[in-house]
Amino acid sequence: MSLFLSQSSFSSLQTDPGKIALPPVEVLKDWYRQMLYIRRFEELCAKIYTSGIIRGFCHLCIGQEAVPVSVCAARDPKDTVITSYRCHGHAITCGLSGKEVLAELMGRQGGSSKGKGGSMHIFSPQGRFYGGHGIVGASSALGTGMAFAHKYKNEDAVCCAFFGDGAANQGQWFESMNMARLWKLPVLYIVENNGYSMGTAVERGCAGADQLWRRGEAFNIPGYRCSGDDVVHLYTIFKILLQEVRYTSCPIVLEIDTYRFKGHSMSDPGHYRSKESLEQAKDNRDPLTLLENRLIGHYSVSSNDIETVQDQIKGEIRQLAKDSESWNLPDLYELDQDVWIETP
Ligand SMILES: Cc1ncc(C[n+]2csc(CCOP(=O)(O)OP(=O)(O)O)c2C)c(N)n1
Ligand SMILES: [Mg+2]
């Protein structure tokens, strides 16, 4: 295994996946199903939020669905995932059900954190998913600690630590990179560059905005950049980079160029970007449309087949919405459970 993949090999990988065998059409259809589920699920979250039943924060990943689906398709089951508050997609692809995520958002029993954490605190130790964190950049430092644990316990696992372009300015990431390279920790740092940190465009908030992938260079950490719209393309990249991190036990930075179609959170009116630029992105960069076209164009999947998947998901989400009306609030005794209370 190389230490490390050269930029030219990486670039050729982007046009020709080479040694990574592409999965069969049934697997690609399943990725389509997963991305569509996340999209419809989050549209439901938006609706329930607007009705006042989901309180607090709610950050949607609509437009970025290819990222969580591809990483979970490419990872080894023992690899861990940690991310920011924009976490519903990652939670679902790591194995949490729609009910466990939605009930958490609604503060109901059956939520992954017993309905006491909300949208930003979703966990699944069984799915090797460690949140869901509201502190910008926290996932870079916590992910480094998780990679330390993997190495210390000889688990042969890689930690996939996701965070945003805004978080890439956080000092804790730089301290983490120093330790990760020094101690040779198996962590893949993934900057999900969706163009904005709240309402601040990446060019306005980040020095060297077009080179976030190079921010590890001072620590001798290699970095790569790729587009995040095509789930198949992203899968091949995750496969290769996870292998590299696993066999070299050294960190790597991957910057993914993606785009969110909704506001930063539900309360964002989105005045910082024009309607035209948003519509253009929806027309040209939608991961669902890209995969749909690939399935129809290259794999001879019929439009009827696609419609069947769409109808199934619609039915599942409709049922979830109906079920959610009967979910109960946590019992009162839960109030002081799982909470650290200092006694004198
Ligand atoms: C340490 C810290 N500083 C500021 C905030 C407020 N804040 C919440 S989200 C956000 C923007 C982060 O943007 P980015 O990292 O690009 O992630 P995105 O929301 O685009 O996924 C900020 C500044 C916070 N939660 N934590
Ligand atoms: Mg961002």
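What comes next concerns the included structure. This one's a predicted model, so the numbers in the text were calculated from it and none came from an experiment.

Overview of the sheet that holds strand 2 (residues 159-164)
So, step 1. Spatially, the five strands line up as an open sheet ordered 1-2-3-7-6, and their pairing is parallel. A strand with exactly one partner marks an edge of an open sheet, and here the two such strands are strand 1 (80-82) and strand 6 (223-227). Going from strand to strand, the sheet's axes swing by 20 degrees on average, the running direction of each strand aside.
So, step 2. Sheet analysis places strand 1 next to strand 2, joined by three bridges and oriented parallel. Within strand 2, the residue paired with valine 81 across the bridge is cysteine 160.
So, step 3. Along the sheet, helix 6 (residues 138-152) contacts strand 1, strand 2 and strand 3 (187-193); its crossing angle with strand 2, the most-contacted strand, is approximately 175 degrees.

Points about the packing of helix 2 (residues 25-50) against helix 9 (residues 231-248)
The relative placement of two packed helices is expressed as an angle between their axes plus a distance between the axes.
So, step 1. Where helix 2 contacts helix 9, the axes come no closer than 11 Å and their chain directions differ by 105 degrees. Compared by their axis directions, helix 2 and helix 9 come out roughly perpendicular. Across the interface between the two elements, Leu28, Trp31 and Met35 of helix 2 pack against Val231, Val232 and Tyr235 of helix 9.
So, step 2. Of the residues belonging to the contact of helix 2 with helix 9, the class tally is six nonpolar, no polar and no charged.

A few points about the pattern of salt bridges
So, step 1. One pass over the full model with this rule turns up 19 salt bridges.
So, step 2. Here aspartate 338 and lysine 114 are joined by a salt bridge, their closest N and O atoms 3.1 Å apart. Note that aspartate 338 is positioned in the segment after helix 12 (303-324) and lysine 114 in the loop between helix 5 (98-106) and helix 6, a separation of 224 residues in sequence.
So, step 3. The class of aspartate 338 is exposed, set by a relative accessible area of 61%.
So, step 4. Accessibility expressed as a relative area gives 38% for lysine 114, which makes it partly exposed.
So, step 5. Across the salt bridge formed by arginine 214 and glutamate 217, the nearest N and O atoms sit 2.9 Å from each other.

A closer look at the site of ligand 1
So, step 1. As a matter of local geometry, ligand 1 sits amid 15 residues, with Tyr85, Arg86, Gly166, Ala167 and Tyr196 nearest to it.
So, step 2. In this structure, a nitrogen atom belonging to ligand 1 sits 3.1 Å away from a main-chain N or O atom of valine 136.
So, step 3. Separating an oxygen atom of ligand 1 from a side-chain N or O atom of aspartate 165 is a distance of 3.1 Å.
So, step 4. When ligand 1 is considered free in solution it has 590 Å² of accessible area, and contact with the protein chains removes 73% of it.

Looking at the packing of aromatic side chains
So, step 1. According to the stated counting rule, one finds 13 aromatic pairs in the structure shown.
So, step 2. Ring centres of phenylalanine 148 and tyrosine 152 lie 5.7 Å apart, and the angle between their planes is 20 degrees; on these two criteria the pair is classed as stacked. In this pair, phenylalanine 148 and tyrosine 152 both sit in helix 6, four residues apart, roughly one turn of the helix.
So, step 3. Classification of phenylalanine 148 by relative accessible area gives partly exposed; the value is 38%.
So, step 4. These aromatic residues form a ring-pair network of at least three members: Phe163, Trp173, Phe174 and Tyr189.

Cut-off values and rules
Residues numbered from 1 in each chain as written. Chains lettered and ligands numbered in written order. Predicted model: local features only at pLDDT ≥ 70, side-chain atom pairs only at ≥ 80, totals over all residues. Heavy atoms only, no water. Pairing = 2+ DSSP bridges. Helix = DSSP H or I, 4+ residues; strand = E, 2+ residues; numbered from the N terminus. Axes fitted to C-alpha atoms, helices over the stretch in contact; angles between N-to-C directions. Contact = heavy atoms within 4.5 Å. Parallel < 35°, antiparallel > 145°, perpendicular 65-115°, else oblique. Nonpolar A, V, L, I, M, F, W, Y, C, P; charged D, E, K, R; others polar. Salt bridge = Lys/Arg side-chain N within 4 Å of Asp/Glu carboxyl O. Buried < 20%, exposed > 50% of the residue type's maximum accessible area, 1.4 Å probe, protein only. Near = heavy atom within 4 Å. Polar contact = N/O pair within 3.5 Å; in protein donor to acceptor, adjacent residues only side chain to side chain. Areas by Shrake-Rupley, 256 points an atom, 1.4 Å probe, with all protein chains shown as cover. Phe/Tyr/Trp six-rings, centres within 6.5 Å; stacked < 30°, edge-to-face > 60°.

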